[in-house]
Amino acid sequence: MPELPEVEALAAFLRENAVGRVIARVDLAAVQAIKTFDPPLSALSGLEVTGAARHGKFLDLDVSGLHLVVHLARAGWLHWREALPPAPPKPGRGPLALRAHLDDGNGFDLTEQGTRKGLAVYVVRSPAEVPGIARLGPDALDVDAERLGALLAGRHGQLKGTLTDQTVLAGIGNAYSDEILHAARLSPFRMADKLTDDELLRLHAALRETLLGALDRQLGQRAATMKGEKRAGLQVHARTGLPCPVCGDTVREVSFADTSLQYCPTCQTGGKPLADRRMSKLLR
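As the structure is a computational prediction, the values presented were derived from the model and not from experiment.

**Quick notes on the environment of F37**
Phase 1 of the analysis: If you trace the backbone, F37 turns up in the loop between β1 (23–28) and β2 (49–55).
Phase 2 of the analysis: Through-space distance from the C-alpha of F37 to that of V123 is 7.6 Å; in sequence the pair is 86 residues apart.

Given below as structure tokens:
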């Protein structure tokens, strides 16, 4: 899933390549992707792209005061296209959800792989009209250690789930929560409201170092290379069975119904593996 660094880098890419261009046409290829009807998608045609921003994991394209807001969900992506074909795409079961044509012949596709569709597109007058944006907590990069402590103090839940709860902190998903907890040397099952002062400081430092480091690697990349850049920078996420680059221990996994987490026992859980079941505690 695209998270804060990738969405911020996509916004920067669009500011460089799309701002100042006029939207010639927007083609909808997957009807289920559009979540609003007023203003209609066609209202964007003929308007200039005036900005691009990020709200948590939402991408926001400002089109002369209207906003094309996109949540890429788990398997969505933005593909920049040069010399788009003039014929509108045929709606179907393929990955294409939406195509935006700019006045110079270039544009972008929004695609989503797989059969489980979650990519969402909104055309609104204000980003706050998008329910997911209205519910967002503070941006993960805007909180200092003191505020992070206050946010976690009232959350009697595991750190992994708390970090990925967008109403608590906006922008962190499955991959970077694994990376942050590994860098902070904290178990994903540590209770969020039980951190010591030292653990809180480690968590805040790891959060900023992980997100800013990833963002620094992503900025300046073309949209086509961002996914590869993300994978190349991961230490534990999606590295089950491989050696931890910090200590050499084997990276382990805990699987849930529709997701999983990865961690290093030596770095994060005192060498003890976590039981691979939901709401598990450390094996004794």
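**Here's the deal with the sheet that holds strand β8 (residues 120–124)**
Phase 1 of the analysis: The sheet built from four strands is open, its strands ordered β2-β3-β4-β8 with antiparallel pairing. Among the strands making up the open sheet, the edge pair consists of β2 and β8. Pairs of neighbouring strands in the sheet enclose a mean axial angle of 20°, with direction left out of account.
Phase 2 of the analysis: Direction of pairing for β2 relative to strand β3 (residues 58–63): antiparallel, over a ladder of six bridges. The residue bridging H55 from the neighbouring strand is F58, located in β3.
Phase 3 of the analysis: Along the sheet, helix α1 (residues 4–17) makes contact with β2 and β3, crossing β2 at roughly 175°.

**Some words on helix α3 (residues 145–153)**
Phase 1 of the analysis: The complete set of buried residues in α3 reads A145, L148, G149 and L152. For α3, the angular spread of buried residues about the axis comes to 100°, placing them on one side. Of the exposed residues in α3, those oriented more than 90 degrees away from the buried face are E146 and A150.
Phase 2 of the analysis: Where α3 is buried, its residues touch α4 (159–163) and α6 (197–218).

**Regarding helix α5 (residues 174–184)**
Phase 1 of the analysis: Summarising burial for α5: nine of the 11 residues are buried, a large majority.
Phase 2 of the analysis: What α5 keeps buried is the set A175, Y176, S177, D178, E179, I180, L181, H182 and A184.

**Digging into the sheet that holds strand β6 (residues 96–102)**
Phase 1 of the analysis: Spatial strand order, β1-β6-β7-β5: four strands in an open sheet with antiparallel pairing. Two strands bound the open sheet, and with one partner strand each, they are β1 and β5 (76–81). Each adjacent strand pair in this sheet contributes to an overall mean axis angle of 15°, direction not counted.
Phase 2 of the analysis: Pairing of β5 with strand β7 (residues 107–112) involves six bridges; the strand directions are antiparallel. The partner of H79 across the bridge, within β7, is D109.

Cut-off values and rules
- Residues numbered from 1 in each chain as written.
- Predicted model: local features only at pLDDT ≥ 70, side-chain atom pairs only at ≥ 80, totals over all residues.
- Heavy atoms only, no water.
- Helix = DSSP H or I, 4+ residues; strand = E, 2+ residues; numbered from the N terminus.
- Pairing = 2+ DSSP bridges.
- Axes fitted to C-alpha atoms, helices over the stretch in contact; angles between N-to-C directions.
- Contact = heavy atoms within 4.5 Å.
- Buried < 20%, exposed > 50% of the residue type's maximum accessible area, 1.4 Å probe, protein only.
- Arc of directions from axis to C-beta.

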